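# Examination of the molecular architecture
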Amino acid sequence: MELKDIWRSVVHIRDENDEITAVQVPIDMWRFLIDTVQAMEDREAARARLARLRARQSADAVQDDE
């Protein structure tokens, strides 16, 4: 499943002025979206932890050299 599949499955609910007031997303598509966002957040958190670890290791290496 791809994001374009989700986009195609969305139903826009419009008011009398033709403004979108709500959207309907099939539950399986919604779950895929939530899982995808969670995976993206997990990857970002892992990158941040790795960056902190590398910075700490670099600082420790500089202190060991002194």
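Residues numbered from 1 in each chain as written. Predicted model: local features only at pLDDT ≥ 70, side-chain atom pairs only at ≥ 80, totals over all residues. Heavy atoms only, no water.

## Concerning the overall build of the protein
In terms of regular secondary structure, the protein is built from two helices and two strands. In terms of overall dimensions, the protein has C-alpha extents of about 70 × 25 × 15 Å along its principal axes. Within the protein, residue pairs in contact and separated by at least 24 positions form 27% of the contacts whose partners lie at least 6 positions apart. Only carbon and sulfur atoms are counted for the fraction: they give 53% of the accessible area of the protein, which is about 5,800 Å². For the protein, the distance from the average site of its 10 positive side-chain charges to the average site of its 15 negative ones is 5 Å. (Helix = DSSP H or I, 4+ residues; strand = E, 2+ residues; numbered from the N terminus. Contact = heavy atoms within 4.5 Å. Areas by Shrake-Rupley, 256 points an atom, 1.4 Å probe, with all protein chains shown as cover. Lys, Arg positive; Asp, Glu negative; His and termini not counted. Charge placed at Lys NZ, Arg CZ, Asp CG, Glu CD.)

## Quick word on the pattern of salt bridges
Within the structure shown, the criterion is met by three salt bridges. R14 serves as the salt-bridge partner of D18, at 3.8 Å between the closest nitrogen and oxygen. Given the relative accessible area of 51%, D18 is considered exposed. In this structure R14 comes out as partly exposed when scored by relative accessible area, which is 43%. A salt bridge links R47 to E44, with the nearest nitrogen and oxygen atoms 3.7 Å apart. Linking R47 with E44, this pair stays in helix α2 (residues 27–65), spanning three residues, or about one helical turn. (Salt bridge = Lys/Arg side-chain N within 4 Å of Asp/Glu carboxyl O. Buried < 20%, exposed > 50% of the residue type's maximum accessible area, 1.4 Å probe, protein only.)

## A few points about the pairing of strand β1 (residues 11–14)
Here β1 pairs with strand β2 (residues 20–24) via four bridges, running antiparallel. Residue pairing for β2: I13 is matched across the bridge by A22. In this structure, the hairpin formed by β1 and β2 is closed by a connection of five residues, where D18 is found at a positive phi of approximately 65 degrees. (Pairing = 2+ DSSP bridges.)

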